[in-house]
Amino acid sequence: CVQRVFFDDVNRATANVLVAEGCEVVIPQTQGCCGALMLHAGSEDDAVGMARRFVDAFEPCLAEIDAVVINAAGCGSTLKDYGYLLRDDPEYAARAAALSAKCRDISEVLADLEPRAPRHPIPLRVAYHDACHLQHAQAVSSEPRQVLSIIPELEVCEVPENGLCCGSAGIYNLVEPET
């Protein structure tokens, strides 16, 4: 899983932010890769196998949790589509749909929470570019801006033509690192 290997600090930061905002964070010990990279690469059979394992890992705690929080847009779009991905699997279709229904991007969760942790001023002018899988596949774009808007002194500017793709295309930057 790319997120866990290359961006584990982002995973830790995500959990820390959720705790600071009053959430209880539960991470299933058997959680593995969601299969997004395999699906993006066209290896649907591999992705389906990973999706089944992911459903199995989360199922024991699914009834007790409010959300499965995702901090990587490509993973989020795949997890939110598990119901479709496993639609023809009589053993997993309903279970996958139940998991998908609880999947939310971190920005969606934070935008819905009443802020608890102090927001320290960040006197910067920044540009925000939507992650393609977040904006186009999940239709999530106002929530990240809402979360950023409550940081004192942070000025968030829109990127012209921000609906255009950044060129990463799922796994493109992994299979074409020179680009």
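Details of the structure are given in the entry above.
Note that the structure is predicted; figures quoted are calculated from it, not measured.

Engineer: Sorry if this is basic, but what is going on with the pattern of salt bridges here?
Structural biologist: A side chain with one charge may pair with a side chain of the opposite charge, provided their charged atoms come close. Here the structure, examined in full by the defined rule, presents 10 salt bridges. A salt bridge links Asp-89 to Arg-52; the shortest N-O distance between them is 2.7 Å. Of this pair, Asp-89 sits in the loop between helix H6 (82-85) and helix H7 (93-101) while Arg-52 sits in helix H4 (residues 44-62), placing them 37 residues apart in sequence. As a salt-bridge pair, Glu-108 and Lys-80 come within 2.8 Å of each other at their nearest N and O atoms. In this pair, Glu-108 sits in helix H8 (residues 106-112) while Lys-80 sits in helix H5 (residues 73-80), placing the two residues 28 residues apart along the sequence. Among the residues examined, Glu-108 registers a relative accessible area of 13% and is labelled buried. The structure contains a network of salt bridges with shared partners spanning Asp-56, Glu-59, Glu-91 and Arg-95.

Engineer: Would you mind going over the environment of Asp-45 with me for this structure?
Structural biologist: Here Asp-45 is to be found in helix H4. By relative accessible area, which is 70% here, Asp-45 ends up exposed. Taking the C-alpha atoms as reference points, Asp-45 and Gly-35, 10 residues apart in sequence, are found 9.8 Å from one another.

Engineer: In this structure, what is going on with the packing of aromatic side chains? I would like to understand it.
Structural biologist: Each aromatic ring pair is specified by the distance between its two centres and by the angle formed by the two planes. For the structure shown, the criterion picks out two aromatic pairs. Judged by centre distance (4.7 Å) and plane angle (20°), the ring pair of Phe-54 and Phe-58 falls under stacked. Placement of both Phe-54 and Phe-58 in helix H4 is noted, with a separation of four residues, approximately one turn of the helix. One exposure class covers both Phe-54 and Phe-58, and it is buried. Centroid distance Phe-54 to Tyr-82: 6.0 Å. Interplanar angle 80°. Geometry classified as edge-to-face. Note that Phe-54 is positioned in helix H4 and Tyr-82 in helix H6, a separation of 28 residues in sequence. The same class applies to Phe-54 and to Tyr-82, which are both buried. Through a chain of ring-to-ring contacts, three or more aromatic side chains come together here, namely Phe-54, Phe-58 and Tyr-82. The cationic tip of Arg-87 hangs over the ring face of Tyr-84; the distance from NZ or CZ to the ring centre is 3.8 Å. Over the ring of Tyr-92 we find Arg-95, and its NZ or CZ is 4.3 Å from the ring centre.

Engineer: Please clarify how helix H2 (residues 8-20) should be interpreted in this entry.
Structural biologist: In a regular helix each residue adds 1.5 Å, so 13 residues correspond to 18 Å; H2 covers 18 Å between its end C-alpha atoms and thus fits that length. Those residues of H2 that sit buried are Thr-14, Ala-15 and Leu-18. For H2, the arc enclosing every buried residue in end-on projection is 95°, short of the 170-degree limit, so these residues lie on one face. Against strand S1 (68-70) and H8 lie the buried residues of H2. Just beyond H2, the residue with positive phi is Gly-22, at close to 95°.

Engineer: Can you help me understand the layout of surface pockets in this one?
Structural biologist: In this approach a probe as big as a water molecule rolls over the atoms, and the regions it shows empty are the leftover space. Space inside the second largest pocket adds up to approximately 1,000 Å³. In this structure, the second largest pocket is lined by 36 residues; those nearest its centre are Val-25, Val-26, Ile-27, Gln-31 and Val-69. Mapped by element, the contributors of at least two residues to the lining of the second largest pocket are helix H1 (2-6), H2, H4, S1, H5 and H8. Examining the composition of the lining of the second largest pocket, we find that six residues originate from one element, H2, more than from any other. A class-by-class count of the residues in the lining of the second largest pocket yields 22 nonpolar, six polar and eight charged.

Engineer: Just checking my understanding: could you explain unusual backbone geometry for this structure?
Structural biologist: Negative phi characterises most residues that are not glycine, and trans characterises most peptide bonds. Positive phi is not limited to glycine here, since Ala-139 has a value of about 55°. Tracing the sequence through the fold places Ala-139 in the loop between helix H9 (132-137) and helix H10 (142-149). Looking at Ala-139, the relative accessible area reads 64%, which means it is exposed. At Glu-153, a residue that is not glycine, the phi angle is positive and equals roughly 70°. Here Glu-153 is to be found in the loop between H10 and strand S4 (154-158).

Rules used in this analysis
- Residues numbered from 1 in each chain as written.
- Predicted model: local features only at pLDDT ≥ 70, side-chain atom pairs only at ≥ 80, totals over all residues.
- Heavy atoms only, no water.
- Salt bridge = Lys/Arg side-chain N within 4 Å of Asp/Glu carboxyl O.
- Helix = DSSP H or I, 4+ residues; strand = E, 2+ residues; numbered from the N terminus.
- Buried < 20%, exposed > 50% of the residue type's maximum accessible area, 1.4 Å probe, protein only.
- Phe/Tyr/Trp six-rings, centres within 6.5 Å; stacked < 30°, edge-to-face > 60°.
- Lys NZ or Arg CZ within 6 Å of the ring centre and 35° of its normal.
- Expected span 1.5 Å × (residues − 1).
- Arc of directions from axis to C-beta.
- Contact = heavy atoms within 4.5 Å.
- 1 Å grid on protein atoms, 1.4 Å probe; cavity = no way out; pocket = protein on both sides within 12 Å on 5 of 7 lines; lining within 4 Å.
- Points joined across faces, edges and corners; volume = space filled by probe spheres on them.
- Nonpolar A, V, L, I, M, F, W, Y, C, P; charged D, E, K, R; others polar.

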